[in-house]
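Summary of structural features
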Amino acid sequence: MTAPQPDPALHPDPVMRPDTAPQPDHALDSPPGLHPGAAPQVPALSIRGLAKRFGGKIAVDGISLDVPAGSFYGIVGPNGAGKTTTLSMATGLLRPDFGTAAVHGVDVWQRPLEAKRLMGILPDGVRLFDRLTGEQLITYAGLLRGMDRETVATRVADLLAAMDLQEDAGTLVVDYSAGMTKKIALASALIHAPRLLVLDEPFEAVDPVSAANIRSILDSYVASGGTVIVSSHVMDLVQRMCDHVAVVANGRLLAAGTVDQVRAGASLEDRFVQLVGGRSHTEGLEWLRTF
Ligand SMILES: Nc1ncnc2c1ncn2[C@@H]1O[C@H](COP(=O)(O)OP(=O)(O)OP(=O)(O)O)[C@@H](O)[C@H]1O
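If you're wondering where the values come from, they're calculated on a predicted model, not measured in any experiment.

Attention now moves to the site of the ligand. Taken together, Phe54, Lys57, Ala59, Gly77, Asn79, Gly80, Ala81, Gly82, Lys83, Thr84 and Thr85 form the complete shell of residues around the ligand. Broken down by element, the residue count for the shell around the ligand peaks at three residues, all from helix α1 (residues 83-90). Across the shell around the ligand, the residue classes tally to three nonpolar, six polar and two charged.

Under the present numbering, the feature "domain: ABC transporter" (unreviewed entry) in UniProt falls on residues 45-275. A helix fraction of 38% and a strand fraction of 26% characterise residues 45-275, whose end C-alpha atoms lie 24 Å from each other.

Turning next to the sheet that holds strand β9 (residues 244-249). By definition, the strands of a sheet pair up through backbone hydrogen bonds, in either a parallel or an antiparallel sense. With respect to topology, six strands assemble into an open sheet ordered β6-β7-β8-β3-β9-β10, the strand pairing being mixed. Strand pairing shows two members of the sheet lacking a second neighbour, β6 (119-122) and β10 (252-258), which therefore form its edges. Direction aside, neighbouring strands of the sheet carry axes that sit 15 degrees apart on average. Across five bridges, strand β7 (residues 196-200) lies against strand β8 (residues 227-231) in parallel orientation. Note on β8: the bridge partner recorded for Asp200 is Ser231. Set on the sheet, α1 makes contact with β3 (72-76), β7, β8 and β9; between it and β7 the angle comes to about 150 degrees.

Across soluble globular proteins, nonpolar side chains have a tendency to be buried as a group. In terms of nonpolar packing, the biggest core is built from 73 residues, with Leu45, Val103, Ile184, Ile229, Val247 and Val248 touching the most fellow members. Apart from the residues lying within four places of it in its own chain, the contact partners of Ile184 are Gly134, Leu137, Ile138, Leu165, Val173 and Tyr176.

Cut-offs and rules
Residues numbered from 1 in each chain as written. Predicted model: local features only at pLDDT ≥ 70, side-chain atom pairs only at ≥ 80, totals over all residues. Near = placed C-beta within 6 Å. Helix = DSSP H or I, 4+ residues; strand = E, 2+ residues; numbered from the N terminus. Nonpolar A, V, L, I, M, F, W, Y, C, P; charged D, E, K, R; others polar. UniProt positions renumbered as here; feature names shortened; annotations may be inferred. Pairing = 2+ DSSP bridges. Axes fitted to C-alpha atoms, helices over the stretch in contact; angles between N-to-C directions. Contact = placed C-beta atoms within 7 Å. Core = buried A, V, L, I, M, F, W, Y, C linked by C-beta atoms within 7 Å. Buried ≥ 20, exposed ≤ 12 C-beta atoms within 10 Å, placed from the backbone.

Here it is, written out as structure tokens:
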């Protein structure tokens, strides 16, 4: 199968076309720590030429993207596309081989403390301090952020209520279900009221009522000027929830823009399958139909 190619029509301004995006060395034209072309329309997240290789495997192959401030941005892609690796590099969790990332104009790798103050992160697969109770874990996240105890206590109570975890506030996180763990990790990411939320698969394992709850929290967060980036496999959810979307496959950006631009009249799911290279067939599984 031929590798999927980026569709240039799907990268309208202000979202950068991958083929015209500045290359990593352009960042050197700016003063240290400042991202090029920042003011006056500073994107919430701006990444340029991010790349990462694990041994012989190129996980991310030069991704450039601007996430407008105040947007609800979905990142979609097949398994192993490079979403988690890209978001990890963009949020300071994994050092890129090449490229830069800036949050509201602050370079993540040159001014990490400042950049991290602006972000709330729900990483995928990162261990939590699960021998704390849910309440202790969110409290710890708030104190780590340098917040005073009184504010932390008020916000912890609000977040436990919003996540419907009040009854389990005193339970150790190690004894939480997968969905409860996701919710307590999300609460920990929200406690310092960041300007940008980066959420890797936030709805995975979360029940529908809790998911609706979380969506409404995120909607009002965006309505009040915050920016949310979510990675997800659930196209329907991204189409309904997000106003912008980027499609990633094989470590490359295939399309980015508003959801309507990217789906171009089709459903996002159909467009995704078309961009990524068609449905996988079931040849070779005849034995599965022989009983
Ligand atoms: N620490 C690592 N060591 C080796 N290979 C890795 C590592 N992390 C990721 N990879 C590889 O890089 C590629 C991209 O992985 P990544 O987790 O970023 O994809 P993803 O789009 O988030 O996938 P999924 O949707 O399945 O979570 C995959 O081929 C994966 O096997």
